[in-house]
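A look at the structure
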Amino acid sequence: MTRISSQFLDYYWRKKSLRLKTAKKFLLYPEPYEIGSVEKGKLLTSGNLKFHNELIKISNHSLWEIQGTDVALDYYLHGFSWLNDLAAVGSYEALKLAQKWVFHWTLNELGNENLYLDLLTQRLFNWINHSGFLLKTPNLALSESYMKSIDQQSFFLEKRWQSLQKDVDRIKAIVLLISVGIYVTNKNYLVQSFIKALDKEIINTIDAKGGISSRDPNALAEIFSLLNWLEVLLEKINLNLSEIQASAIKKIAPTLRSLRHLDGALIGFRGEIKIRDKYLDRALVQSGVKHRLLDRTVMGYSRLGNHKMSIFIDTGGKFDSITNGNFLHTKSAIEITINKSPFVVSGIKISNFRELDRSDNMQVDYASISKLEKGFENNVSLQSSSLEFYDSKGATTLKASHNGYLNETGLTHTRTIKLDNDETEIHGEDSFNANSDEAKFRFENILTKRKQTMFMSVHFLLHPEVVIEQAQASVNFLLENKESYSLKFSGKCDLRIEEGVFYEGSTEKSRATKQIVLSSQVVNYDNYINWRIVKV
């Protein structure tokens, strides 16, 4: 049996889509899924594009003259994410600018040669959302070029959506095609067929506890928000969500509530945060689900604290596509929020997150983790991992171990976190131990072979609003809520304060911050760093 390549199918359906000549129009306009930043929208009207904290001058007020090799910037431009910001401004000037850039794109068919599916999905999603804003024009030629492009792109997506790699991208594409079926003439056949396709995708994606296999809370939040938005869309044509879709919302809501800090922020271990807190709040309220799961560990993230502190530790033991298989980048990473003030964060950024050539060349930066240094940050096969909770009269203790370094060094990493019951003091211990004769042999062998000193380190990436002051054997912190805490440590341990970066993915901002690093030499079979965070 001959197997047709994905590239050939893309080529074939792209050519078919470009031959479409049928005139389409909107039956009605949707309520926007989201509105962007007024600040960034006003910058655009003044001739400046703000992207990842960088201000880019727009020559001749033409967005398409911006030159660069940054794939993420290209994705941002041709995915039309900036359209959300102009719609947020909503002025006549913003409208004219949006029309100028969108209609230039459609009239010159700028996207005909690069119909990458994830990029196309993002672009079409933004176009459909803001069609009521964009089509305020008497110019028939412009509106026809726009509708022709929507017809071509939606046809191509209809035929090729299943080749999208990520669960969230496939679900977004399906919801998008349902919305096209609702709002665009002669496309109503899409509604029922893709409602059924969505049911199948949900069954394959959402597990019994409302989680997803990638363990990405941000992707789960986007899926949840899309399902809630779909419910609103279907109500406009007197339809309801299917039983499977409604059930998914009820399962996902408590999972997401369980993965939020005391300040309402979703945990940030997996990187790129797309959905803003206010949109997640809206979706959670719309779902009608007010409780969270009783489980201490949800989707591989374990929690301590409920009232004054929220502490999350990444105790999941599976590879995932986000870290390209390298679970050590986030394994045992910790986040701490105290009385609604972020304190220790994992401001992780996924570099090259939208490589359009699908090379999966990803890199993860800035996690609050414990690790071996100097050349041991490579991909290591995951062996077994363990997790235990202990409840005593005065505290709750979490103990998590993993054997990710075992094959190369013979060492097992164990992180123990104890939170006292009044939630004012955290005791931590990080250890690297050789626990068997075979492990001890590997450890001795690696020390002999490498002929260099081995170090272990514990990292605490601080939120940018935290003010620090270094003392002799401690570091003092002033939180945004004006509470003071201190990090103390014991044993043969060096302390250093390094520059760090905190990535606020939902606002596309990177902010300078500090990173506290405790470092100790690995000299024998049992190596420990003990630390504690106490309220001053």
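These numbers come from a predicted model, not from an experiment.

What counts as what
Residues numbered from 1 in each chain as written. Predicted model: local features only at pLDDT ≥ 70, side-chain atom pairs only at ≥ 80, totals over all residues. Heavy atoms only, no water. Salt bridge = Lys/Arg side-chain N within 4 Å of Asp/Glu carboxyl O. Helix = DSSP H or I, 4+ residues; strand = E, 2+ residues; numbered from the N terminus. Buried < 20%, exposed > 50% of the residue type's maximum accessible area, 1.4 Å probe, protein only. Pairing = 2+ DSSP bridges. Axes fitted to C-alpha atoms, helices over the stretch in contact; angles between N-to-C directions. Parallel < 35°, antiparallel > 145°, perpendicular 65-115°, else oblique. Left-handed = near helix turned anticlockwise from the far one by under 90°. Contact = heavy atoms within 4.5 Å. Nonpolar A, V, L, I, M, F, W, Y, C, P; charged D, E, K, R; others polar. Phe/Tyr/Trp six-rings, centres within 6.5 Å; stacked < 30°, edge-to-face > 60°. Lys NZ or Arg CZ within 6 Å of the ring centre and 35° of its normal.

1. Some thoughts on the pattern of salt bridges
Enumeration according to the criterion identifies 16 salt bridges in this entry. For the salt bridge of R260 with D281, the shortest nitrogen-to-oxygen distance reads 2.7 Å. With a gap of 21 residues between them, R260 in the loop between α12 (243-258) and α13 (277-287) and D281 in helix α13 connect regions that are remote in the sequence. The partner of R442 in a salt bridge is E438, with the nearest N and O atoms 3.1 Å apart. Taken as a pair, R442 and E438 lie in helix α15 (residues 437-450) at a separation of 4 residues, close to a single helical turn. When its relative accessible area of 26% is taken as the criterion, R442 is described as partly exposed. One continuous salt-bridge network, built from bridges that share partners, spans D167, R170 and E201.

2. Observations regarding the sheet that holds strand β21 (residues 526-535)
Ordered by their spatial adjacency, 8 strands build an open sheet running β11-β12-β13-β14-β21-β18-β17-β16, and the pairing between neighbours is antiparallel. Looking at the sheet topology across the chains shown, the edges are occupied by β11 (385-391) and β16 (467-470). Averaged over all pairs of adjacent strands, the angle between strand axes in this sheet comes to 15 degrees, irrespective of strand direction. Of the pairings in the sheet, the one linking strand β14 (residues 425-433) to β21 comprises 9 bridges and is antiparallel in character. Looking at β21, one finds that D430 is bridged to I529.

3. Concerning the packing of α12 against α13
Each pair of packed helices can be described by the angle between their axes along with the distance between the axes. Close contact between α12 and α13 brings their axes to 10 Å; oriented N to C, the two are set at 130 degrees. Relative to α13, α12 is oriented oblique. As for the relative orientation of α12 and α13, their crossing is left-handed in sense. Here I249, K250, A253, L256 and R257 of α12 lie close against α13, whose contacting residues are L280, L284, V285 and S287. Taken together, the residues of the contact of α12 with α13 sort by class into 6 nonpolar, 1 polar and 2 charged.

4. Things to note about the side chain of T121
The residue T121 is located in helix α6 (residues 117-129) in this model. Given the relative accessible area of 3%, T121 is considered buried. In contact with T121, not counting residues within four places along its chain, are L157, L164, K172, A173 and L176.

5. Things to note about the pairing of strand β1 (residues 48-51)
Consecutive side chains of a regular strand alternate in pointing toward one face of the sheet and then the other. Alignment of β1 against strand β2 (residues 54-57), held across 4 bridges, turns out to be antiparallel. Directly across from N48, in β2, lies its bridge partner K57. The turn joining β1 and β2, which pair antiparallel and follow one another in sequence, is formed by 2 residues; a positive phi near 50 degrees is taken by H52.

6. Observations regarding the packing of aromatic side chains
In this structure the tally under the stated criterion is 19 aromatic pairs. Ring geometry for F80 versus W127: centroids 5.3 Å apart, planes at 85 degrees, classification edge-to-face. Taken as a pair, F80 in the loop between α3 (71-78) and α4 (82-89) and W127 in helix α6 lie far apart in primary sequence, 47 residues in all. With relative accessibility at 0%, the residue F80 sits in the buried group. Given a relative accessible area of 0%, W127 falls into the buried group. Ring geometry for F103 and Y146: centres 6.1 Å apart, planes at 80 degrees, overall edge-to-face. Of this pair, F103 sits in helix α5 (residues 92-107) while Y146 sits in helix α8 (residues 140-160), and the two are 43 residues apart along the sequence. The two residues F103 and Y146 agree in class, both being buried. Clustering of aromatic rings is evident, with ring pairs tying together W64, F80, W82, W101, F103, W105, W127 and Y146. When the ring centre of F125 is taken as reference, the NZ or CZ atom of K172 above it lies at 4.6 Å.

Function cannot be read off these values alone, since they describe shape.
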